[in-house]
Every structure is written in structure tokens, then in C-alpha cells.
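An overview of the molecular structure
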Amino acid sequence: RAYDEMRERCPVAHSAFLGWSLFRHADVTAVLADPQAFSNVARFPVIPNSMDPPIHGPYYEALSQFFDLKHMARLEPRVREIAANLLRPLLAGGETDFIEAFATPFALKTLCAFLGWPDQQWKCLAGWIHGNQDAAFNEDPVAGKALAELFAKHVRANLDSHRTSPGQADDATDTLLRTEVDRKTFSDDEIVSILRNWAAGHGTVAAGLGILILHLAENPELQDRLRHEPALISAAIEEILRADDPLVANRRTTTRELEIQGRTIPKGDIVTLMWIAANRDPRMFEGPDRVNIERDTEASLVWGRGIHLCMGAPLARLEMRVALEELLACTTCFELAGAPPHRAVYPGDGLATLSLRIKAKSTSSSECA
């Protein structure tokens with residue numbers, strides 16, 4: 001609600017923490033459409049997100065192939081297996097923290113499966129993601145550097161392991177070691193940068209799962225509708241996340257002096273794009289705070305737009321769809337229980353905790369076998 005208020009009262013705001021913040025859909029999309037004026041180059045390079053044209057294009061094209069329909073179809077049975085294994089103990093009854101017990105391990109175990117890494121390494125990724133978010137929020141460069149070095153060490157160990165013994169299923173790590181851009185394979189440093197982006201994205205996937213389950217727990221009629229009409233799950237995911245985006249914002253840097261909504265923004269200043277306000281802009285979405293799964297979400301910015309459109313969106317959508325399909329198929333309902341849900345803090349908009357009471361279907365049900 002605070003972001004909604006800022007969008008109407010001060011659509012172009014300035015602060016020491018975020019620089020210039022844009023809250024309206026039209027202003028955000030204008031920035032996304034002009035990468036020449038709004039650079040995405042960052043202090044800590046992330047391939048390809050922190051690259052500008054023309055360098056960005058070849059890297060994005062080479063990496064986006066990892067998330068094509070063929071690769072997602074091949075991965076789906078493993079994703080479904082991960083979801084089923086994590087859900088099994090939750091179906092025994094009682095209260096559970098969905099974030100700790102399912103959302104975080106599911107997203108990061110899936111990433112490990114995608115990369116061909118040992119399953120238990122999801123815990124190392126979780127520690128890095130949480131530490132990195134804390135360092136960013138507290139503007140702690142020392143902690144950020146230490147975490148970056150730890151992550152790089154972890155990735156290089158997996159690269160060495162794959163060079164010695166390549167994955168049997170031609171996983172993403174093996175493919176990264178062979179991928180070329182401008183006739184050159186990626187260096188280890190470049191792969192570290194790529195995987196830093198993919199790991200951070202899976203933190204957002206876990207946050208998104210928490211938001212989806214919170215909304216369905218609070219809306220039993222929609223929950224029951226999706227349980228009986230699973231074909232609507234994908235549309236529900238897009239609409240719920242439009243109304244309650246798991247990622248608050250991203251930044252750009254101006255390459256020249258600009259004027260937005262009558263305010264002059266100097267060259268070299270930070271511009272922060274407030275996704276969660278733009279996605280609830282009444283100028284673009286009628287009744288924006290109301291979830292309507294029949295809504296056309298083409299204008300949604302959940303996955304970004306333009307040259308930096310989230311390349312991992314097919315994998316994120318696959319994970320969320322499979323998680324909801326598995327949970328809904330094996331339950332009669334799930335509802336909030338215990339302590340109220342606790343929201344995460346900037347730069348995330350997920351949930352730190354989400355206590356649920358899950359009611360399983362009869363074990364004789366073929367859907368839950």
C-alpha cells in the first residue's frame with residue numbers, strides 16, 4: 001500500500017538509498033524500452049543482466065537456449081519428483097513453515113538438478129542468497145565481497161568436478177563449459193557470474209511460491225477452483241504475482257541528463273524501477289489490487305520487459321506450476337495457522353515465514369499415490 005500511495009502522490013521520488021524511484025507503469029516501461037539512455041551495467045558484473053548492447057545480445061542469445069521448451073520438458077519429471085518428496089512429510093498433518101519446509105528447498109534443489117550438482121548443495125546456495133540479500137540491504141561491501149568469494153569457490157569446485165566426470169544427462173553445467181560466444185568458451189569467472197544470476201533468481205522463485213500459497217490459503221474458493229481446474233493454474237500464477245510481485249525493484253543508471261514527469265535526472269544517477277507499484281497501476285490494470293485470474297496479464301512486468309526480459313522465466317514458471325499442481329492434487333485444503341505470516345524485507349517481497357495447516361487427501365487416492 002505504501003508503494004501504491006507513492007505512485008499516486010510522488011511518481012518520481014528521490015532518496016539517498018535508492019536514488020530516483022519510478023512507480024508508474026508507463027515510466028517504468030519507457031525506461032525498459034531505452035537501454036541506450038538507461039544502462040544496466042553494475043558494480044559487480046552479472047552476465048548478461050549487467051551488460052548493455054551490443055555486448056549483451058550474443059550472451060543473452062547463447063544462454064536463453066538453456067531454458068527452451070525441450071530442456072524444460074526434460075527437466076519436468078525431476079522437478080515433480082522433488083516437489084512430491086518434499087510434500088510427503090507435510091501431508092502427515094500438523095502445522096508447518098511452508099517457506100522453510102518447501103519453498104526454499106524446492107527452488108534450490110531444482111536449480112541443483114538443472115545444473116547437475118549434488119542435491120544437498122541447495123543448502124550452500126540458500127546461505128549465499130540470504131547472506132547476499134542482507135549485505136545488499138545493509139550496504140555492507142565487506143560482507144558482499146566475502147560472500148562473492150565464497151560463491152565463486154563453490155562454483156569452481158563444481159566446474160572442476162564436471163571436467164573430471166561430466167554429468168550423465170548433459171546438464172546445464174556441462175553445457176556451460178562448452179558454450180561459446182564469439183567463438184570463445186566461457187571462462188570460470190564468467191560462469192561464476194552467470195550462476196550468481198541464476199541462483200539469485202531462484203531466491204525470487206522461492207519468494208514467489210510463498211506469495212502464491214499465502215494468497216490461496218487466504219482465498220479458499222480460488223484454491224478449490226484451481227484444485228478442480230488445474231488448467232487455470234498458470235494464469236493464476238501470473239495474476240497473483242502481478243498483484244503481489246516477489247521482486248520489489250531493479251536499478252538502471254542514466255547515460256545522459258533526462259526529464260521524467262517534470263523532474264530532471266542528471267547523467268550518472270541511479271534510477272530504481274518499482275515493479276510492485278508499476279504492476280498495480282490503475283492506469284494499466286482495472287481494479288489492480290483485485291486478483292482476477294481471467295485478467296489479460298500481457299502488460300504485467302513480473303518477468304521484466306525488453307532486452308533484459310528474465311531468461312529464466314520458463315524454468316520459474318515450470319517450478320511454480322508443478323509445485324501448485326502437486327500440492328493441490330494431494331490436499332483437500334491448506335490454511336493459515338499459528339503465527340501470522342512474516343514478510344521478508346527489501347530487496348525481496350516474499351515471506352520470511354508462512355505457517356500452514358495442510359489437510360491431505362486419503363492415501364488411497366490415486367492422485368496422491
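Model, not experiment: these values are computed from the prediction.

For the pair helix α4 (residues 69-87) and helix α13 (residues 313-329), the least separation of the axes is 9 Å and the interaxial angle reads 40 degrees. Compared by their axis directions, α4 and α13 come out oblique. The chirality of how α4 crosses α13 is right-handed. Residues M72, L75, E76, V79, R80, A83, A84 and L87 of α4 pack against P314, L315, L318, E319, R321, V322, E325, E326 and L327 of α13. Each residue belonging to the contact of α4 with α13 can be placed in one class, and the counts come to 11 nonpolar, no polar and 6 charged.

Let's shift gears to the sheet that holds strand β14 (residues 355-360). If you trace the 3 strands from one edge of the open sheet to the other, you get β4-β14-β11, paired in antiparallel fashion. Two strands bound the open sheet, and with one partner strand each, they are β4 (95-97) and β11 (331-336). The sheet shows a mean angle of 35 degrees between the axes of neighbouring strands, direction not considered. Two elements, β4 and β14, share 3 bridges in a ladder whose sense is antiparallel. By the bridge assignment for β14, E95 is matched with R357.

Within helix α3 (residues 56-64), the full set of buried residues consists of H56, Y59, Y60, A62 and L63. One face of α3 carries all of its buried residues, which in axial projection span an arc of 165 degrees. Elements in contact with the buried residues of α3: α8 (172-178), β5 (180-181) and α9 (188-218).

What counts and what doesn't
- Residues numbered from 1 in each chain as written.
- Predicted model: local features only at pLDDT ≥ 70, side-chain atom pairs only at ≥ 80, totals over all residues.
- Heavy atoms only, no water.
- Axes fitted to C-alpha atoms, helices over the stretch in contact; angles between N-to-C directions.
- Helix = DSSP H or I, 4+ residues; strand = E, 2+ residues; numbered from the N terminus.
- Parallel < 35°, antiparallel > 145°, perpendicular 65-115°, else oblique.
- Left-handed = near helix turned anticlockwise from the far one by under 90°.
- Contact = heavy atoms within 4.5 Å.
- Nonpolar A, V, L, I, M, F, W, Y, C, P; charged D, E, K, R; others polar.
- Pairing = 2+ DSSP bridges.
- Buried < 20%, exposed > 50% of the residue type's maximum accessible area, 1.4 Å probe, protein only.
- Arc of directions from axis to C-beta.

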